[in-house]
Amino acid sequence: MELRHLRYFVVLADELHFGRAAQRLAMTQPPLSFNIKQLEASLGVALFERSSKGVKLTPAGDSFRESALRLLAEAEQAQTLARQVAAGTTSKLRVGFVGSMIYRGLPERLRSFQEAHPLVQVQLTELNSAEQVEAIGRRQLDVGFVHTSRIPADMKRFMYMSEPFVCCLPQSHPAARQASVELRELSSDAFILFSRGASPDYFERILALCAEQGLQPLVKHEVRHWLSVISLVAKGVGIAVVPNALREAGIAGVRFVPLSASKYRSEVYCVWQERRLPTALPALLDVFRATQAQSSPSPPRPRRPA
């Protein structure tokens, strides 16, 4: 049974007349009759009753008509989808991200992309940097946003954002109202640090920043999510050094105080694998390249209270 058999059958079922059906199909009557017989032979049932009075569907033919219409519609949908995928107008993109990307423009950029490519399905998965790199290597993700520039040789990357770190303090902390803070001033405070297991690069970068500013941090707590870091600070459990973007988290009870100038910055990289590149991925990468903030300025320094 082939698709042409189904098309011929549906037209004949509509017309119930070989001559008119053949005319609609732009063919002569003998080939139409031959193809209908082929279809009936492949199914092992008679689909039409033929008599001197005309043609009518058998009960089996009447039942088969609905199935034939459905199969033809599915075939047409499959052809349309294949053309759209080939043209890059529809596909599925699996996007990995670290939690802080929520405050670094990820939702807004994806919304812009989806407005321009409404047929592309975007699936988001939150993973730490190492997990994303591994998932991209296994083709479980198409693109990721990570805190590390150390990626396998067969992957590509560009820096999406570079921004300063700030000190996150409980609202009641004596240094919370200062215009800026030197970390060495906070040597007696318990330190909440982003887990080394979740992001070794971040862990090392924050420790290097502390060393640069003369602080040997009293690390009491390690957590795997930035919002957990800020929430613990809000509860007075300790202090932390976090990316400036987390000012947008909206958690009450904390203040973000600028640090003195540092060579260490919080960086986010967009990472993907060139092999078997999904058709829609270049368009998504263009959106993030066009809006990347590689030189995010330092946060404004509040004035000292009078």
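Structure: above.
Residues numbered from 1 in each chain as written. Predicted model: local features only at pLDDT ≥ 70, side-chain atom pairs only at ≥ 80, totals over all residues. Heavy atoms only, no water.

Draft legend 1. Quick look at the overall build of the protein. Secondary structure summary: the protein contains 9 helices and 11 strands in total. The dimensions of the protein, computed from C-alpha atoms along their principal axes, are 105 × 40 × 30 Å. Across the 306 residues in the protein, those meeting the buried criterion constitute 44%. A fraction of 75% describes how many contacts in the protein between residues 6 or more apart in sequence connect residues 24 or more apart. (Helix = DSSP H or I, 4+ residues; strand = E, 2+ residues; numbered from the N terminus. Buried < 20%, exposed > 50% of the residue type's maximum accessible area, 1.4 Å probe, protein only. Contact = heavy atoms within 4.5 Å.)

Draft legend 2. Summary view of the pattern of salt bridges. On inspection of all chains with the given rule, the structure shows 17 salt bridges. Its salt-bridge partner being Arg 94, residue Asp 142 comes within 2.9 Å of it at the nearest N-O pair. Linking Asp 142 in the loop between α6 (129–137) and β5 (143–146) with Arg 94 in strand β3 (residues 92–97), this pair joins segments that are 48 residues apart in sequence. Note on Asp 142: relative accessible area 9%, which makes it buried. Looking at Arg 94, the relative accessible area reads 23%, which means it is partly exposed. One salt-bridge network, held together by shared partners, links Asp 14, Glu 15, Arg 20, Arg 24 and Arg 65. (Salt bridge = Lys/Arg side-chain N within 4 Å of Asp/Glu carboxyl O.)

Draft legend 3. Layout of the nonpolar core. The biggest cluster of nonpolar side chains holds 35 residues, and the ones touching the most others in it are Leu 183, Ile 206 and Val 242. Setting aside residues no more than four positions away along its own chain, Leu 183 makes contact with Cys 167, Leu 209, Cys 210, Gln 213, Leu 215, Val 241 and Leu 259. Among the nonpolar cores identified, the runner-up in size contains 23 residues, and Val 120, Phe 158, Met 161 and Leu 281 belong to it. (Core = buried A, V, L, I, M, F, W, Y, C linked by side-chain atoms within 4.5 Å.)

Draft legend 4. Geometry of a nonpolar patch on the surface. On the surface, Met 1, Leu 43, Val 45 and Leu 71 cluster together to form a nonpolar patch covering roughly 320 Å² of accessible area. Checked against the element boundaries, Leu 43 lands in helix α3 (residues 29–43). (Patch = residues over 30% accessible without salt bridge, like charges linked within 9 Å, V, L, I, M, F, W, Y side chains within 5 Å. Areas by Shrake-Rupley, 256 points an atom, 1.4 Å probe, with all protein chains shown as cover.)

Draft legend 5. Quick peek at the pairing of strand β7 (residues 190–194). A large share of β7 lies buried, amounting to 5 of its 5 residues. Residue alternation in β7 divides its side chains into two sets, Ala 190, Ile 192 and Phe 194 and Phe 191 and Leu 193, and both sets are buried. Relative to strand β8 (residues 218–223), β7 is paired through 5 bridges, and the arrangement is parallel. Across the sheet, residue Phe 191 finds its bridge partner in β8, namely Val 219. As for the winding sense of the linkage, the β-α-β connection from β7 through helix α7 (residues 200–212) to β8 is right-handed. (Pairing = 2+ DSSP bridges. Right-handed = clockwise from strand over helix to strand, strands pointing away.)

Draft legend 6. Just the environment of Lys 92, in detail. Summarising the element assignment, Lys 92 is placed in strand β3. The partly exposed category is assigned to Lys 92, whose relative accessible area is 44%. Sequence separation between Lys 92 and Leu 119 is 27 residues, and the spatial gap between their C-alpha atoms is 8.8 Å. A polar side-chain atom of Lys 92 sits 3.1 Å from a polar atom in the side chain of Gln 123. (Polar contact = N/O pair within 3.5 Å; in protein donor to acceptor, adjacent residues only side chain to side chain.)

Draft legend 7. Seen up close, the packing of aromatic side chains. One pass over the structure, following the stated rule, counts 10 aromatic pairs. Taken together, a centroid distance of 4.7 Å and an interplanar angle of 45° make the contact between Phe 145 and Phe 288 tilted. Of this pair, Phe 145 sits in strand β5 while Phe 288 sits in helix α9 (residues 281–290), placing them 143 residues apart in sequence. Ring centres 5.4 Å apart and planes at 70° place the aromatic pair Tyr 202 and Trp 226 in the edge-to-face group. A residue pair is termed long-range when its members are at least 10 positions apart, and Tyr 202 in helix α7 and Trp 226 in helix α8 (residues 226–234) qualify at 24 residues. In textbook terms, an aromatic cluster arises when at least three aromatic residues are bridged by ring pairs, as seen for Phe 165, Phe 194, Tyr 202 and Trp 226. (Phe/Tyr/Trp six-rings, centres within 6.5 Å; stacked < 30°, edge-to-face > 60°.)

Draft legend 8. How the structure looks around the pairing of strand β10 (residues 254–258). Taking burial as the measure, the 5 residues of β10 include 4 buried ones, the bulk of the element. Across 5 bridges, the pairing between strand β6 (residues 155–170) and β10 is antiparallel. Across the sheet, the residue bridging to Val 166 is Pro 258, located in β10.

Draft legend 9. Inspection of the side chain of Ser 162 at higher detail. Turning to its location among the elements, Ser 162 is positioned in strand β6. Within the local environment of Ser 162, its side chain forms a polar contact with the side chain of Arg 265, the two groups lying 2.9 Å apart.

Draft legend 10. Structural context of α8. Along α8, the residues classified as buried are Trp 226, Val 229, Ile 230 and Val 233. Along α8, the residues classed as buried sweep out an arc of 90° about the axis, all on the same side. After α8 finishes, the residue Gly 236 shows a positive phi value of roughly 80°. (Arc of directions from axis to C-beta.)

Draft legend 11. Representation of the packing of helix α5 (residues 106–116) against α9 within the structure. Following both chains from N to C, one finds α5 and α9 inclined at 130°, their axes separated by 10 Å at the closest point. Judged by the inter-axis angle, α5 sits oblique to α9. Here α5 runs over α9; the crossing is right-handed. Between α5, through Leu 106, Arg 109, Leu 110 and Phe 113, and α9, the contact on the second element is made entirely by Ala 283, Leu 284, Val 287 and Phe 288. Here the contact of α5 with α9 is composed, by residue class, of 7 nonpolar, no polar and 1 charged. (Axes fitted to C-alpha atoms, helices over the stretch in contact; angles between N-to-C directions. Parallel < 35°, antiparallel > 145°, perpendicular 65-115°, else oblique. Left-handed = near helix turned anticlockwise from the far one by under 90°. Nonpolar A, V, L, I, M, F, W, Y, C, P; charged D, E, K, R; others polar.)

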